[in-house]
Amino acid sequence: MRHLQFGFLGELGHGLEGLVGKRRDSRYESGQRSGAWRRPALIGHLKDLHLPTMRECYEDTARRAERETLSYEQYLLEVITRECEQRRKARVQRLLKDSALPLEKSLPNFDLKRLPAKAARQLKTLLEGGFLDRKENVLVFGNPGSGKSHLLTALAQELVVVRERKIHFTKCALLMQDLLAAKRDLRLSREIKRLARYDGLIIDDLGYLHQSRDDMEVVFTLLAERYERGSVLMTSNLPFSKWQAIFKDAMMTAAAIDRLVHHSVIIELNIPSCRVEHAKKNQQTESNGEGE
């Protein structure tokens with residue numbers, strides 16, 4: 001009798017295990033079916049919300065979250081963080097492309113040891129970007145080859161990449177040509193307004209080429225319009241005392257200097273030409289090689 005009772009209980013236990021197993025399998029299959037149904041809907045919603053990075057990474061991240069028993073908040077934070085990081089990278093790339101900066105002239109490629117002590121301190125402060133908020137100008141003076149253009153370009157790249165500021169780079173001669181063409185086509189005000197959307201406008205090599213008074217009038221008009229409205233970052237190898245040779249008119253020269261200097265940081269690079277120093281080093285290396 002006892003033998004029959006144990007046999008009955010054993011069969012009942014096996015039956016219950018089978019029933020539970022079937023229910024588990026049924027739930028699993030149901031979950032698989034519902035997951036297969038949810039996936040297209042979720043991808044569609046992420047497309048509608050323009051969240052491409054989350055669309056690409058949510059499944060792999062979900063599997064890892066399950067393995068590592070992450071909370072819902074931790075999982076959500078991770079996929080949103082990855083979306084934000086990718087958006088920031090894309091935004092910085094757009095800003096760099098729009099800036100027209102020569103990217104090879106970066107801060108890591110600049111020899112900071114060549115800078116005078118005062119200029120090095122000024123650069124450190126400028127990298128914080130506060131001067132753009134205050135609409136201050138940055139004027140860099142020095143002999144040809146002293147690194148004026150490289151310094152401003154490196155500063156601008158850091159402001160774009162780290163601070164996400166809108167900067168635009170142009171040679172003075174090219175800027176003047178664009179402004180003259182806009183004036184001829186009766187759209188000068190529109191072109192100046194377009195440039196006004198940049199936090200900082202770099203005008204490289206002011207005075208490098210001699211221009212007529214009429215040509216420089218359009219540049220003066222731009223400077224006047226940006227006064228206390230947007231920062232101008234400018235390089236020149238001519239001191240203020242020789243700027244009349246640039247603008248060809250004493251009154252225009254005085255007005256241009258007044259507007260640029262009023263709120264400005266002036267950096268003087270009274271250092272030898274880096275190109276000349278590089279040429280001397282190469283020559284010395286070649287001479288040493290021949291001596292050996």
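The sections below set out a description of the structure shown in this document.

Focus on the environment of Leu 101
Positionally, Leu 101 belongs in the loop between helix H3 (72–99) and helix H4 (117–126). Look at Leu 101 and you get buried, because its relative accessible area is 7%. With 67 residues separating them in the primary sequence, Leu 101 and His 168 have C-alpha atoms 7.0 Å apart.

A word on the nonpolar core
Core analysis: the largest hydrophobic core is formed by 31 residues, its most contacted members being Ile 203, Leu 222, Leu 223, Met 234, Trp 243 and Phe 247. Looking at this core, the elements with two or more residues in it are strand S1 (137–142), helix H7 (172–184), helix H8 (188–195), strand S3 (200–206), helix H9 (213–226), strand S4 (231–236), helix H10 (244–247) and helix H11 (250–262). Sorting elements by how many residues they give to this core places H9 first, with 6 residues. Counting residues in each nonpolar core, the second largest holds 29 residues, with Leu 95, Leu 107, Leu 115 and Leu 132 among its members.

Observations regarding H7
Between its terminal C-alpha atoms H7 stretches 18 Å, which fits the 18 Å expected from 13 residues at 1.5 Å a residue. Turning to H7, its buried residues are Cys 172, Leu 175, Met 176, Leu 179, Ala 181 and Ala 182. Elements in contact with the buried residues of H7: strand S2 (167–171), H8, S3 and H9. Just downstream of H7 lies Leu 186, where phi reads positive at about 60°.

Digging into the packing of H9 against H11
The N-to-C vectors of H9 and H11 enclose an angle of 25°; their axes lie 10 Å apart at closest approach. The angle between the axes of H9 and H11 places the two elements in the roughly parallel class. When the axes of H9 and H11 are compared, the crossing they make is left-handed. Here Arg 213, Met 216, Glu 217, Phe 220, Leu 223 and Ala 224 of H9 lie close against H11, whose contacting residues are Met 252, Ala 255, Ala 256, Arg 259 and Leu 260. Among the residues making up the contact of H9 with H11, the classes are represented as 8 nonpolar, no polar and 3 charged.

Considerations on unusual backbone geometry
The phi angle of most residues is negative, glycine excepted, and most peptide bonds adopt the trans form. Phi at Glu 164 is positive, roughly 55°, even though this residue is not glycine. Position of Glu 164 relative to the elements: it lies in the loop between helix H6 (148–163) and S2. Taking relative accessible area as the criterion, Glu 164 reaches 25% and is therefore assigned partly exposed. Its identity is not glycine, yet Lys 248 carries a phi of approximately 65°, on the positive side. Topologically, Lys 248 is positioned in the loop between H10 and H11. What makes Lys 248 partly exposed here is its relative accessible area of 36%.

Side note on empty space enclosed by the protein
The tally for this structure, following the rule as stated, stands at 2 cavities of 30 Å³ or more. The calculated volume of the largest cavity comes to roughly 40 Å³. Residue lining of the largest cavity: Asn 137, Leu 223, Arg 226, Tyr 227, Glu 228, Gly 230, Val 232, Arg 259 and Leu 260, and that is the complete set. Those elements that place two or more of their residues in the lining of the largest cavity are H9 and H11. Considering only residue class, the lining of the largest cavity consists of 4 nonpolar, 2 polar and 3 charged. Computed from the structure, the second largest cavity encloses a volume of approximately 30 Å³. If you go around the second largest cavity, the residues you meet are Gly 207, Leu 209, His 210, Gln 211, Ala 245, Ile 246 and Lys 248. For the lining of the second largest cavity, the residue count by class is 3 nonpolar, 3 polar and 1 charged.

Concerning the layout of surface pockets
Here the largest pocket defines a volume of roughly 470 Å³. Lining the largest pocket are 14 residues, and of these Arg 38, Leu 42, Tyr 58, Ala 62 and Tyr 75 lie nearest its centre. Going through the elements one at a time, helix H1 (2–48), helix H2 (52–67) and H3 are the ones with two or more residues in the lining of the largest pocket. Per-element tally for the lining of the largest pocket: the top contributor is H2, with 6 residues. A breakdown of the residues in the lining of the largest pocket according to their chemical character gives 7 nonpolar, 2 polar and 5 charged.

The rules behind each value
- Residues numbered from 1 in each chain as written.
- Predicted model: local features only at pLDDT ≥ 70, side-chain atom pairs only at ≥ 80, totals over all residues.
- Heavy atoms only, no water.
- Helix = DSSP H or I, 4+ residues; strand = E, 2+ residues; numbered from the N terminus.
- Buried < 20%, exposed > 50% of the residue type's maximum accessible area, 1.4 Å probe, protein only.
- Core = buried A, V, L, I, M, F, W, Y, C linked by side-chain atoms within 4.5 Å.
- Expected span 1.5 Å × (residues − 1).
- Contact = heavy atoms within 4.5 Å.
- Axes fitted to C-alpha atoms, helices over the stretch in contact; angles between N-to-C directions.
- Parallel < 35°, antiparallel > 145°, perpendicular 65-115°, else oblique.
- Left-handed = near helix turned anticlockwise from the far one by under 90°.
- Nonpolar A, V, L, I, M, F, W, Y, C, P; charged D, E, K, R; others polar.
- 1 Å grid on protein atoms, 1.4 Å probe; cavity = no way out; pocket = protein on both sides within 12 Å on 5 of 7 lines; lining within 4 Å.
- Points joined across faces, edges and corners; volume = space filled by probe spheres on them.

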